Amino acid sequence: MRISTLSLRLSLALLGSTVLAEPIPQQPLQTTANDADPSYRTLSTASNPNWMGAIPDATSLAALSIPGTHESLAIFGGDIAECHENFGASANTLTAQLNAGIRVFDIRLRIETGNTFVVHHGAIYQNANFDDVLAKLGTFLAAHPTEALLLRVKQECTGQFGSCTDVSGQLPFTNIFDLYAAKPAANFFWDASIDRNSAAEVPTLGAVRGKAVLMVINGPHGGRTDAYGLAQFAGWNDGDSTYVQDNYDVPDIGAIATKRDQVRRFLDALNVGDESALYVNFCSGASLLAFPYQVAAGTLGVQGVNPFLLTYLNQGTDVHAPVHRTGITMMDFPGGGLIDKILSFNN
């Protein structure tokens, strides 16, 4: 394990608690030159609640350009832990993301008393539980039946210093997930994606309108759990795999340039890759010396991933190889302009 990841866990341990507590007051994010940028921290300037409605039913999800959020509910814990603008606890922030056009969510869960899940980022409780998540997603899909959602679910707690610890004496993580999936409030899950014994193929949009597709359940150390989700993500582990770029360890400010290049190279590769496959490109990264907002926005004269990506997508074929799809783009602090630009590739 690299030093920067250890340092980040240490800091999260000092900030957070592995027990439920009073809501953590939101700490103001440090200002940067990119505040109020179209690519960064301007989520509410985008309004795309029904963008999938114009896309034909026969279109594979793999053909779409879909904006998503990394650590979708990480809104508490200060600069080192927060990954998104805070539009409210109890998963209300998901509603704001949904209305902006976000359709892919990264939900990190800790096992609590009573065989329940609560949302965490490392050691820090995010003032939401999984019932809140299901309620917000279900309400949105009922009001917007043309839309489809995708979820990555991860067991957050490793029990190591700097992480959280699951409450003992409870059912295994996947058994608890099955209990939630069987609730009437979760009847919007696409059934083929929540079968632990049989992975699903990538569906067409028409097959999953009004539904949520589980892409994968990851264990606490990143490996895929059972056959939940989509078959193509059998190799989704901690970090990179065939269809996922997730180089999340950005050891310092200077390494933001490396992260930008990783995002660009993966974007270029997916545009000449398997057209039947979903690709997941994480723009996020962090360490004790490079906080999530700095990696996203840039700082000290170093361009952040978000403004870089918006510029790259706006450029034409006279500058770089053509982009005809972005795949799934997982972001921290996405701006409205970047969300709109990603969606423009669906036209």
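The rules behind these values
Residues numbered from 1 in each chain as written. Predicted model: local features only at pLDDT ≥ 70, side-chain atom pairs only at ≥ 80, totals over all residues. Heavy atoms only, no water. Phe/Tyr/Trp six-rings, centres within 6.5 Å; stacked < 30°, edge-to-face > 60°. Helix = DSSP H or I, 4+ residues; strand = E, 2+ residues; numbered from the N terminus. Expected span 1.5 Å × (residues − 1). Buried < 20%, exposed > 50% of the residue type's maximum accessible area, 1.4 Å probe, protein only. Arc of directions from axis to C-beta. Contact = heavy atoms within 4.5 Å. Pairing = 2+ DSSP bridges. Salt bridge = Lys/Arg side-chain N within 4 Å of Asp/Glu carboxyl O.

A. Structural detail: the packing of aromatic side chains. Scanning the entire structure with this criterion turns up 14 aromatic pairs. Taking the centre distance of 5.3 Å and the plane angle of 25° together, the rings of Phe188 and Phe189 count as stacked. Chaining the aromatic ring pairs together yields one cluster made of Phe117, Phe130, Phe173, Phe177, Tyr180, Phe188, Phe189 and Tyr228.

B. Looking closely at helix H6 (residues 256-270). The end-to-end C-alpha distance of H6, which contains 15 residues, comes to 21 Å, matching closely the 21 Å that a straight helix rising 1.5 Å per residue would cover. All of the buried residues in H6 are Ile256, Lys259, Arg260, Val263, Phe266, Leu267 and Leu270. Each buried residue of H6 lies within a common arc of 135° when the element is viewed along its axis, so the set occupies one face. On its buried face, H6 is in contact with strand E7 (244-245), strand E8 (280-282), helix H7 (292-297), strand E10 (302-303) and helix H8 (305-314).

C. Region of interest: the pairing of strand E6 (residues 212-218). The buried count for E6 comes to seven of seven residues, which makes it a mostly enclosed element. As defined by bridge partners, strand E5 (residues 149-155) adjoins E6 across six bridges and the pair is classed as parallel. Within E6, the residue paired with Leu149 across the bridge is Ala212.

D. Up close: helix H3 (residues 130-143). The end-to-end C-alpha distance of H3 is 20 Å, a good match for the 20 Å that 14 residues give at a rise of 1.5 Å each. Of all the positions in H3, only Phe130, Asp132, Val133, Leu134, Lys136, Leu137, Phe140 and Leu141 are classed as buried.

E. Structural view of unusual backbone geometry. The backbone of Glu71 shows a phi angle near 45°, a positive value even though the residue is not glycine. In this structure, Glu71 sits in the loop between strand E1 (66-69) and helix H2 (92-100). Judged by relative accessible area, which is 4%, Glu71 ranks as buried. In this structure, Phe333 takes a positive phi of about 45° despite not being glycine. As for its position among the elements, Phe333 is in the loop between strand E11 (328-331) and helix H9 (336-344). Phe333 sits in the buried class, given a relative accessible area of 0%.

F. Main features of the pattern of salt bridges. Scanning the model with the defined rule gives 14 salt bridges in all. Put simply, Glu112 and Arg110 hold a salt bridge, and the shortest N to O gap is 3.0 Å. In this structure Arg110 comes out as buried when scored by relative accessible area, which is 4%. Taking the shortest distance from any N to any O, the salt bridge between Asp268 and Arg264 comes out at 3.0 Å. In this pair, Asp268 and Arg264 both sit in helix H6, four residues apart, roughly one turn of the helix. For Arg264, a relative accessible area of 22% translates into the label partly exposed.

G. Seen up close, the environment of Phe161. As for its placement among the helices and strands, Phe161 is situated in the loop between E5 and helix H4 (173-181). Counting along the chain gives 39 residues from Phe161 to Gly122, while the straight-line C-alpha distance between them is 9.8 Å.

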